Amino acid sequence: MARRKIVAGNWKMNMTPSQAVELCATLKDLVKNNKVDVVYCVPAIDIVPVVKAVKGTRVKVGAENFYIEDKGAYTGEISAPMLKDAGVEYVIIGHSERREYFKEDDAFLNKKVKKAFEAGLTPILCCGESLEQREMGVTMDWIRLQIKSDLYGVPAEQVAKMVIAYEPIWAIGTGKTATTEQAEEVCKGIRACIKEMYDAATAKSVRIQYGGSVSASNAAELFAQPDIDGGLVGGASLKADFGKIVNYDK
């Protein structure tokens, strides 16, 4: 059975609650593609109004972050059970911005992956290399280290249901995009890594996205690759063009 494509929008720190509802209304009739799972990963303050705004549609809501404890004296943090109760189904883990700006390391991200599954959320686990790492020829070494560390102790049946997003750091928000060949090569390498860690069935089931300046003009070519199962979309997810990415095959 072929893997379903999944296109997720990572809104990052954009959109007030009222703007979020307005964007959902704008996109409502543009993101209809029965062959694609669509997810809006939104700021925490937008989750409740966005869940309400997409009710009755096929769009799912994701979160951009959470803390590893269920509750307690962690002022300003949000837990996975809170997200689940609010109607969230997916959560981004390990985005390069969280790794760089908030110093989230792989040991911490491993705890996040496990906690997400415990709470009934589907992780979208991000991995990717810097321009310097690509130029040094250590792209796959680096990404394999991230994948193996972040999924340590996570059972095969959970990995088969999750999403992995390959995002070359040098292509995020820069307008630069990895060539189709570069993107497919790494996504294929990630699938091979999963096969080594688990088995062929798990590797065949896990969905792997490409992220990094995905646009309406390059989505069809990227998503046509055998190991690319959709995209994690940044800036373009805040525009009507997101509908063209979702409907890449039309």
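Residues numbered from 1 in each chain as written. Predicted model: local features only at pLDDT ≥ 70, side-chain atom pairs only at ≥ 80, totals over all residues. Heavy atoms only, no water.

## A short note on the pattern of salt bridges
Close approach of charged atoms allows side chains of opposite charge to pair. Scanning all chains against the criterion turns up 18 salt bridges. A salt bridge links Arg207 to Asp37, with the nearest nitrogen and oxygen atoms 2.8 Å apart. With Arg207 in strand 7 (residues 207–211) and Asp37 in strand 2 (residues 36–42), this pair connects stretches of sequence that are 170 residues apart. Between Glu118 and Lys115 there is a salt bridge; the shortest N-O distance is 3.0 Å. Of this pair, Glu118 and Lys115 both sit in helix 5 (residues 106–118), three residues apart, which is roughly one turn of the helix. The class for Glu118 is exposed, based on a relative accessible area of 57%. What emerges from the salt-bridge pattern is a single network uniting Arg3, Arg191, Asp227 and Asp229. (Salt bridge = Lys/Arg side-chain N within 4 Å of Asp/Glu carboxyl O. Helix = DSSP H or I, 4+ residues; strand = E, 2+ residues; numbered from the N terminus. Buried < 20%, exposed > 50% of the residue type's maximum accessible area, 1.4 Å probe, protein only.)

## Observations concerning the environment of Tyr90
When you line up the elements, Tyr90 lands in strand 4 (residues 90–93). In this structure, the C-alpha to C-alpha distance between Tyr90 and Lys188, residues 98 residues apart in sequence, is 23 Å. Those residues in contact with Tyr90, other than ones at most four positions away along the chain, are Ile6, Asp37, Val39, Lys60, Val61, Gly62, Ala63, Thr122, Ile124, Val163 and Arg207. (Contact = heavy atoms within 4.5 Å.)

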